[in-house]
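Letter by letter, the chains look like this.
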Number of protein chains: 2
Amino acid sequence: MRSQMTVCGRSFEDFLSTIERFHGCTAPGVVIGGFMVDLAQEHIGPDVEADAIVEATHCLPDAIQLFTPCTYGNGWMKVIDWDKFALTLYNKKTLEGVRVWLDLEKIRLFPNIYNWYMRLTPKGDLPLGVLLKSIEEAGRRMLSCAPVQVVQYYGKIRKGKSGVCSKCGEAYPLSQGDCCLSCQGKSYFKTK
Amino acid sequence: MRSQMTVCGRSFEDFLSTIERFHGCTAPGVVIGGFMVDLAQEHIGPDVEADAIVEATHCLPDAIQLFTPCTYGNGWMKVIDWDKFALTLYNKKTLEGVRVWLDLEKIRLFPNIYNWYMRLTPKGDLPLGVLLKSIEEAGRRMLSCAPVQVVQYYGKIRKGKSGVCSKCGEAYPLSQGDCCLSCQGKSYFKTK
């Protein structure tokens, strides 16, 4: 008998293939992230316009982008580089929300997840299929959540005045100085 | 007669609806971003594994995430907060790539695009449909590109050692100090 579980409104199989198409593979971090989004959405309720904050740059942003209307480019998801496995969905009007995190104490009951997360198992010793099975089995039992009030990182980022860089001729924010950061020698590229 | 143009391998209509589904609307910035990705991909060629760097936090990251395998969460796309309308796709092995940007001189020929980009038209005076028509008409003629060598922001970000925060009990990078940044009072939320 197949599992009847749904995550973010999808069967587990569809949930996994949605992740694979976007992220390139069924990374355990995105799969767990999907369970986190699912739990947060249930607490927030279907009628609330929710924005998102994620506390890590890897994996979690893709779970948010796949299973909520929030994306990096539309500004409804903010990413904080804290390297913590946690995310918050919050009502964009009241700033009340729910923070969900992977609970270290709880995942002690699921050694595969614990060992993967704490990097205690050498890569290759824990096949992806086995780990995903443990994640499916654990489901929400690996997570904790708490109500929060968001006090930072919300809302639109206001842009300052822009001008035309006297060196490259591209538009840039005047706050960067007389010419753009790239032309100030801080660029990530060299022209050939 | 309908336009036969394709962008990123799709008809213009499919291209627009793909953007709307992910981003929430057919934002002009994502539409132009799609044309930029299309041009960059042609220069890079189909056989090269390319990573991406975008120079703005708004709109452009979604064009990359929709039309390349690079996402924020898989680490193949890096975002630099320069507020410049430019992106680079580059060969992840050789670091050679192509940078594409919205060329201010070229868009003078397309006043709707110029006025929108330079924020010279009050919101509401330029209907979205009219602007999108101008963008479709301009296509690649609004863009410039140049070969570049990437010298920063490439590759995987190595994570340092992590430990368990003595206050909240969550995993965190030990480089943050004795407890995690959140427990140091730098959090974006208050618990209730």
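**Comments concerning the interface of chain A and chain B**
Then comes step 1: On the side of chain B, 57 residues touch chain A, which itself brings 56 residues to the contact.
Then comes step 2: Taken together, the two surfaces of chain A and chain B that pack against each other cover about 5100 Å², and 57% of this comes from carbon and sulfur.
Then comes step 3: Of all residues in chain A, the largest losses of buried area upon contact with chain B belong to Tyr72, Trp82 and Tyr188 of chain A, amounting jointly to 18% of the total for that side.
Then comes step 4: Counting across the interface, chain A meets chain B through 4 salt bridges.
Then comes step 5: A salt bridge links Glu170 of chain A to Lys84 of chain B; its shortest N-O distance comes to 3.3 Å.
Then comes step 6: The tally of links between chain A and chain B comes to 29 residue pairs in polar contact (both at pLDDT 80 or more).
Then comes step 7: Listing elements by their share of the side of chain A that touches chain B, those giving two or more residues are α1 (12-23), α3 (60-67), β6 (96-102), β7 (143-150), β8 (162-164), β9 (171-173), α7 (182-186) and β10 (189-191) of chain A.
Then comes step 8: With 4 residues, the top contributor of residues to the side of chain A that touches chain B is β7 of chain A.

**Structural notes on helix α6 (residues 128-138) of chain B**
Residue and element names in this part refer to chain B.
Then comes step 1: Among all positions in α6, only Leu131, Leu132, Ser134, Ile135, Glu136 and Ala138 are buried.
Then comes step 2: Against the buried residues of α6 lie α1 (12-23), α2 (28-44) and α5 (111-117).
Then comes step 3: Positive backbone phi, at 50°, marks Gly139, one or two positions downstream of α6.

**Re the pattern of salt bridges**
Then comes step 1: Tallied over the full model, the rule gives 16 salt bridges over all chains.
Then comes step 2: Residues Lys92 of chain B and Asp51 of chain B are paired through a salt bridge, measuring 2.9 Å at the closest nitrogen-oxygen approach. A residue pair is termed long-range when its members are at least 10 positions apart, and Lys92 of chain B in the loop between β5 (86-91) and β6 (96-102) and Asp51 of chain B in strand β3 (residues 50-54) qualify at 41 residues.
Then comes step 3: Here Lys92 of chain B falls in the partly exposed class, since its relative accessible area comes to 28%.
Then comes step 4: A single salt-bridge network, built from bridges that share partners, covers Glu55, Lys84 and Arg99 of chain A together with Glu170 of chain B.

**Section: the relation of the copies chain A and chain B**
Then comes step 1: When chain A is fitted to chain B, the best match, at an RMSD of 0.0 Å, comes from turning it 180° and sliding it 0.0 Å along the axis. Each copy turns onto its partner about a two-fold axis. Among all residues of chain A, the one whose C-alpha sits closest to the rotation axis is Tyr72 of chain A, at a distance of 3.9 Å.
Then comes step 2: Here 100% of the interface residues in chain A have copies in chain B that are interface residues too; the copies meet face to matching face.

**Brief notes about the packing of aromatic side chains**
Aromatic ring pairs: the centre-centre distance and the angle between the two ring planes describe each pair.
Then comes step 1: Considering all chains together, one arrives at 18 aromatic pairs over all chains under this definition.
Then comes step 2: Arranged with centres 6.1 Å apart and planes meeting at 40°, the rings of Phe12 of chain B and Phe35 of chain B form a pair that is tilted. Here Phe12 of chain B is found in helix α1, whereas its partner Phe35 of chain B is found in helix α2, with 23 residues between them in sequence.
Then comes step 3: Residue classification places Phe35 of chain B among the buried residues on the basis of a relative accessible area of 3%.
Then comes step 4: Among the aromatic residues, those joined into a ring-pair cluster are Phe12, Phe15, Phe35 and Phe67 of chain A.
Then comes step 5: Between the NZ or CZ atom of Lys92 of chain A and the centre of the ring of Trp76 of chain A, over which it lies, the distance is 4.2 Å.

Criteria and thresholds
- Residues numbered from 1 in each chain as written.
- Chains lettered and ligands numbered in written order.
- Predicted model: local features only at pLDDT ≥ 70, side-chain atom pairs only at ≥ 80, totals over all residues.
- Heavy atoms only, no water.
- Contact = heavy atoms within 4.5 Å.
- Buried area = accessible area lost by both parts, 1.4 Å probe.
- Salt bridge = Lys/Arg side-chain N within 4 Å of Asp/Glu carboxyl O.
- Polar contact = N/O pair within 3.5 Å; in protein donor to acceptor, adjacent residues only side chain to side chain.
- Helix = DSSP H or I, 4+ residues; strand = E, 2+ residues; numbered from the N terminus.
- Buried < 20%, exposed > 50% of the residue type's maximum accessible area, 1.4 Å probe, protein only.
- Least-squares fit on C-alpha atoms with pLDDT ≥ 70 in both.
- Phe/Tyr/Trp six-rings, centres within 6.5 Å; stacked < 30°, edge-to-face > 60°.
- Lys NZ or Arg CZ within 6 Å of the ring centre and 35° of its normal.

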